[in-house]
Amino acid sequence: MSENNFKCNFCKVCNGKGCIGQLPGMGGVRNNENFILNCSAWQAVRNNNIERIKQFLDLEPEFRIPQLTIAPMTGAVENIGFAQESDFYDAIIQAMHKVGVGLSIGDGYPDEKLKFGIQALQKIKTEAPEAQTSVFIKPYSNERIFERFEWAKDCVKVAGVDIDSYNIVTMRNLVKLEKKTAAQLIEIKNHVKIPFAIKGIFTQEDIELVKEVKPDIVYISNHGGRVDTRKGSTAEFFAEHVDELKNYCDEIWVDGGIRSPRDVATAMALGADCVLIGRPFASALCHGGPEELCGKVLELSLLKYGF
């Protein structure tokens, strides 16, 4: 049996500067440009919103318990270094569930990547029947999207479309991804009958799409700096547009460069309903197993006790 060969460099600070050019791997496009900006921008946003964050931190602890969810990740073999894709899903879904972090899974090529995630959740459900996950599907034809949500029907609580995956050119050509129109997304929203999320909101064009579709959840993301899009960070986009976007959805989710409890508090103080984290959780699992992953969750949750 093959052994894991983890690709993370386990940097003391995960800020995008230690894995430049590592794609496939833990890095991003354009020499990690947006990956690095994602990580650095939360401090700047914090500096510009000190009073708002202070008011949030002055709330009673029960009103500032962080709503953390693991960001959807696939490609565990080529990007993270697991020997088997299924090993990653089994390990991280089980660990996240045990520590009370929200679950999400994504899809990829081949379809087994999504199926492994579903199977990992189904294993959890044998002991915790109430367990559910958010499921994010790439922008295939609507018929293929409906098919994939059907695969996950027994465990999905939020159905999302990962619109910025269209900007992964190799994936777009390989599996015929589409640049989704508002009409196509509205069709999906009406079809799923459960909360519907649009993931990958990061441009003015995306905002116009949200205004037309009015999804249940707007998920601000630039794919961790791993897709070709405009230069910028999710933090600055979130801070600039969160209040506007709240008019067109029920919840705002955000990911990208969140590395500390202060980053989590900043996002929540400015209006995030859910904060999603990817690389730090994957890295902790690879470096120290479920125990270190549990420690990372606790570290990022410390805002409920104050700093």
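Every chain's residues receive numbers from 1 upward, in the order its sequence appears when written. With the structure being a predicted model, the display of local features is reserved for residues of pLDDT at least 70 and the display and counting of side-chain atom pairs for 80 or more, all residues being used for whole-chain, interface and lining totals. Processing note: side-chain calculations cover all non-hydrogen atoms of the structure and skip hydrogens and water entirely.

Remarks on the overall build of the protein
Line of reasoning, step 1. A helix here means a DSSP run of H or I that spans at least four residues, while a strand means a run of E at least two residues long, and both kinds are numbered starting from the N terminus. Within the protein, the secondary structure is distributed over 12 helices and 8 strands.
Line of reasoning, step 2. Expected size for 307 residues packed as a compact globule is a radius of gyration near 19 Å; at 18 Å, the protein falls within 12% of this value.
Line of reasoning, step 3. Using a 1.4 Å probe on the protein chains alone, a residue whose accessible area is under 20% of its type maximum counts as buried, one over 50% counts as exposed, and one in between counts as partly exposed. Within the protein, the fraction of its 307 residues that count as buried is 54%.
Line of reasoning, step 4. By definition, residues are in contact when any of their heavy atoms lie within 4.5 Å. In the protein, the share of contacts with a sequence separation of at least 24, taken over all contacts with a separation of at least 6, comes to 70%.
Line of reasoning, step 5. Under the convention used here, a 1.4 Å probe and the Shrake-Rupley method define accessible areas, while residue burial counts only the protein chains that appear. Accessible area of the protein: about 13700 Å², with a carbon and sulfur share of 50%.
Line of reasoning, step 6. A residue counts as positive if it is Lys or Arg and as negative if it is Asp or Glu; His and the chain ends are not included. Where a charge lies is defined by one atom per residue type, namely NZ (Lys), CZ (Arg), CG (Asp) and CD (Glu). For the protein, the separation between the mean place of its 36 positive charges and that of its 41 negative charges on side chains is 3 Å. The quantity called the radius of gyration is restricted to C-alpha atoms. Its globule counterpart is 2.2 Å times the number of residues to the power 0.38.

Let's talk about empty space enclosed by the protein
Line of reasoning, step 1. In this analysis a 1.4 Å probe is tested at points of a 1 Å grid over the protein atoms alone, and where it fits but cannot get out there is a cavity; an open set with protein on both sides within 12 Å along at least five of seven lines is a pocket; lining residues have an atom within 4 Å of a point. Grid points are joined across faces, edges and corners, and a volume is the space filled by probe spheres set on the points. For the coordinates displayed, the defined rule picks out 1 cavity of 30 Å³ or more.
Line of reasoning, step 2. As for the largest cavity, its lining consists of I70, A71, M73, F88, Y89, I92, I93, S104 and I105.
Line of reasoning, step 3. Every element with two or more residues in the lining of the largest cavity is listed here: α4 (85-98) and β2 (104-106).
Line of reasoning, step 4. With 4 residues, the top contributor of residues to the lining of the largest cavity is α4.
Line of reasoning, step 5. Three categories are distinguished: nonpolar for Ala, Val, Leu, Ile, Met, Phe, Trp, Tyr, Cys and Pro, charged for Asp, Glu, Lys and Arg, and polar for the others, with Gly belonging to the last. For the lining of the largest cavity, the per-class residue count stands at 8 nonpolar, 1 polar and no charged.

Things to note about the side chain of R259
Line of reasoning, step 1. Along the chain, R259 falls in the loop between β7 (251-254) and α11 (261-269).
Line of reasoning, step 2. Here R259 occupies a buried position and makes no salt bridge, while the nearest side chain of opposite charge, D263, is found at 6.8 Å.
Line of reasoning, step 3. What qualifies as a polar contact is a pair of N or O atoms within 3.5 Å, subject to a donor-acceptor requirement within protein and to the restriction that residues adjacent in sequence count only when both atoms come from side chains. Among the polar contacts listed, one links the side chain of R259 to the backbone oxygen of C14, at a separation of 2.8 Å.
Line of reasoning, step 4. Leaving out residues up to four positions away in the same chain, R259 has contacts with C14, F35, C39, R279, P280, E299 and L300. One speaks of a salt bridge when a side-chain nitrogen belonging to Lys or Arg is within 4 Å of a carboxyl oxygen belonging to Asp or Glu.

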